[in-house]
Amino acid sequence: MTMEVRTPDAINAFIDVSPIADWLGASVHEDDEGRYYRLKFDDAHIGNPLIRALHGGAIAAFLEFAGQCEVIDAVPDARIRTINIDVDYLRSSHAADMMARAAIKRRGRRLAIVEIMGWQKDENQPIAHAILRLRIGENSSDD
Amino acid sequence: MTEPAIDPDVGARLAKARAWLSHEHSLFRSLNLKPITIKKGKAVFSMDLPDTFADAHGGVHGGLKTIILDSIFGLTVFTTLSELAPIATINLHTDYLNKAKPGMRAICAAECTAQRDDVTYVSGDLKLEETGALLATGAGVFMVGTHGLANGSVS
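Cut-offs and rules
- Residues numbered from 1 in each chain as written.
- Chains lettered and ligands numbered in written order.
- Predicted model: local features only at pLDDT ≥ 70, side-chain atom pairs only at ≥ 80, totals over all residues.
- Helix = DSSP H or I, 4+ residues; strand = E, 2+ residues; numbered from the N terminus.
- Rg over C-alpha atoms; globule rule 2.2 N^0.38 Å.
- Buried ≥ 20, exposed ≤ 12 C-beta atoms within 10 Å, placed from the backbone.
- Core = buried A, V, L, I, M, F, W, Y, C linked by C-beta atoms within 7 Å.
- Contact = placed C-beta atoms within 7 Å.
- Nonpolar A, V, L, I, M, F, W, Y, C, P; charged D, E, K, R; others polar.
- Pairing = 2+ DSSP bridges.
- Axes fitted to C-alpha atoms, helices over the stretch in contact; angles between N-to-C directions.
- Parallel < 35°, antiparallel > 145°, perpendicular 65-115°, else oblique.
- Left-handed = near helix turned anticlockwise from the far one by under 90°.
- pLDDT = per-residue confidence, 0-100.

## Comments concerning the overall build of chain A
And step 1. Each helix and strand counted, chain A has 3 helices and 8 strands in total.
And step 2. In sequence order, chain A lays out its α and β elements as α-α-β-β-β-β-α-β-β-β-β.
And step 3. For 143 residues, the compact-globule estimate of 2.2 N^0.38 gives 15 Å, and the C-alpha radius of gyration of chain A, at 15 Å, lies within 12% of that figure.
And step 4. Projecting the C-alpha coordinates of chain A onto the three principal axes gives extents of approximately 45 × 30 × 25 Å.
And step 5. A burial count over chain A gives 42% of its 143 residues as buried.

Below, the structure is given as structure tokens:
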């Protein structure tokens, strides 16, 4: 059973102040397996107008955002900055919503490493996989 | 204003793809892409960094940098093809360096570093147009000739 649940305040606040979350149509949900994130499909996410596949960069942006939300929830008061991201594109994507589930593989005082899996029709047939490395802590922002 | 350096043969082959990007594609239209150099194995474009892609701290979100790199990398793959063919991103690595504010304009330069059978390797960077500050570097690997099964690329 899938349902929209009360999102942790830190993630809500992060989504509210992130314009890219609006572009992605990002939302947070929960099912029996735990929290997951949804990209609400929009034509702006298309990379190839002929076959109407999602843009690889849009997929990467969504996976990065999901990973950031997960760390924000784990360390609500910290600032975060993405160091880098690796994305593998595993299957064809389609003009439809995309989901992502993120798992923090390692979190230290200054560094978090997050694995994110993205899918559309079937979670067991993911379309993309990402490893996200984040700098966390007071000095993580490059403002 | 300097005219873009576009190889006539490569430019002609890419005309259809460039038309998509600049006129028919809402994502790329919002970036206001302008060609600076297009030749075999190399593409340089300038683009806007729109407010739409801001992060929680008021800077440009890393996702936009990846979107730009993937897009220009894909175009660079096209410049190496004798005939347009579907391509797909196999994998993409992006390092995020300096921060940029929305509203600024950036330049993305990409180069094909190798080709082996139907796999093409591309690397490049994204810099602020005004200062030359390095915003991101990236490397991508693309499959050529995916016959409509392309996953999320500009192909």
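The structure having been displayed, the exposition proceeds.
## As for the nonpolar core
And step 1. Counting 86 residues, the largest nonpolar core has Phe62, Leu63 and Ala100 of chain A together with Cys108 of chain B as the members making the most contacts within it.
And step 2. Residue contributions to this core peak at 11 residues, all from helix 3 (residues 56–74) of chain A.
And step 3. Phenylalanine 62 of chain A has contacts with Leu24, Ala26, Leu39, Met98, Ala100 and Gly118 of chain A, leaving out every residue within four places of it along the chain.

## Points about the interface of chain B and chain A
Accessible area lost during the coming together of the parts is what is often quoted as the interface size.
And step 1. Across the contact, 38 residues belong to chain B and 38 residues belong to chain A.
And step 2. Those elements that provide at least two residues to the side of chain B that touches chain A are helix 2 (15–24), helix 3 (26–31), helix 4 (62–79) and strand 4 (87–96) of chain B.
And step 3. The greatest single-element share of the side of chain B that touches chain A, amounting to 9 residues, is contributed by strand 4 of chain B.
And step 4. Grouping the amino acids of the side of chain B that touches chain A by side-chain chemistry returns 13 nonpolar, 19 polar and 6 charged.
And step 5. Taken together, the 5 bridges between strand 5 (residues 80–89) of chain A and strand 4 of chain B define a ladder with antiparallel strand orientation. Directly across from asparagine 84 of chain A, in strand 4 of chain B, lies its bridge partner aspartate 95 of chain B.

## Concerning the packing of helix 3 of chain A against helix 4 of chain B
And step 1. The N-to-C vectors of helix 3 of chain A and helix 4 of chain B enclose an angle of 155°; their axes lie 8 Å apart at closest approach. Judged by the inter-axis angle, helix 3 of chain A sits roughly antiparallel to helix 4 of chain B. The interaxial crossing formed by helix 3 of chain A with helix 4 of chain B has right-handed handedness. Contacts between helix 3 of chain A and helix 4 of chain B pair Gly56, Gly57, Ala58, Ala60, Ala61, Glu64 and Phe65 of chain A from the former with Gly62, Gly63, Thr66, Ile67, Asp70 and Ser71 of chain B from the latter.
And step 2. Each residue belonging to the contact of helix 3 of chain A with helix 4 of chain B can be placed in one class, and the counts come to 5 nonpolar, 6 polar and 2 charged.

## Thoughts on the packing of helix 1 (residues 9–16) of chain A against helix 3 of chain A
Residue and element names in this part refer to chain A.
And step 1. Relative to each other, helix 1 and helix 3 sit at 135°, their axes nearing to 8 Å. Overall, the two elements helix 1 and helix 3 adopt an arrangement that is oblique. The handedness of the crossing between helix 1 and helix 3 comes out as right-handed. Residue-level contacts link Ala10, Ile11 and Phe14 of helix 1 to Cys69, Ile72 and Asp73 of helix 3.
And step 2. Its residues assigned to classes, the contact of helix 1 with helix 3 comprises 5 nonpolar, no polar and 1 charged.

## A word on the pairing of strand 7 (residues 134–144) of chain B
And step 1. Bridging between strand 4 of chain B and strand 7 of chain B involves 9 bridges; their strand directions are antiparallel. Bridging across to strand 7 of chain B, leucine 92 of chain B finds its partner in glycine 140 of chain B.

## Some words on the pairing of strand 7 (residues 111–119) of chain A
Residues and elements named next belong to chain A.
And step 1. The pairing of strand 6 (residues 98–107) with strand 7 spans 8 bridges and is classified as antiparallel. Bridge pairing in strand 7 places alanine 102 opposite isoleucine 116.
And step 2. Connecting strand 6 to the antiparallel partner strand 7 that follows it, the hairpin turn spans 3 residues.

## Points about the confidence of the model for chain A
And step 1. With 91% of its residues at a pLDDT of at least 70, chain A reaches an overall mean of 90.
And step 2. At the level of individual helices and strands, chain A shows its lowest average pLDDT in strand 3 (residues 46–48) of chain A, which scores 82, and its highest in strand 7 of chain A, which scores 98.

## Details of unusual backbone geometry
All names here are of chain B.
And step 1. With phi around 50°, asparagine 32 is a residue other than glycine that occupies positive phi space.
And step 2. With respect to the element layout, asparagine 32 can be found in the loop between helix 3 and strand 2 (34–39).
And step 3. C-beta crowding within 10 Å serves as the criterion here: with 12 such atoms nearby, asparagine 32 is assigned to the exposed category.
And step 4. A positive phi angle, close to 40°, is found at aspartate 117, a residue other than glycine.
And step 5. Looking at the secondary structure, you find aspartate 117 in the loop between strand 5 (105–116) and strand 6 (119–128).

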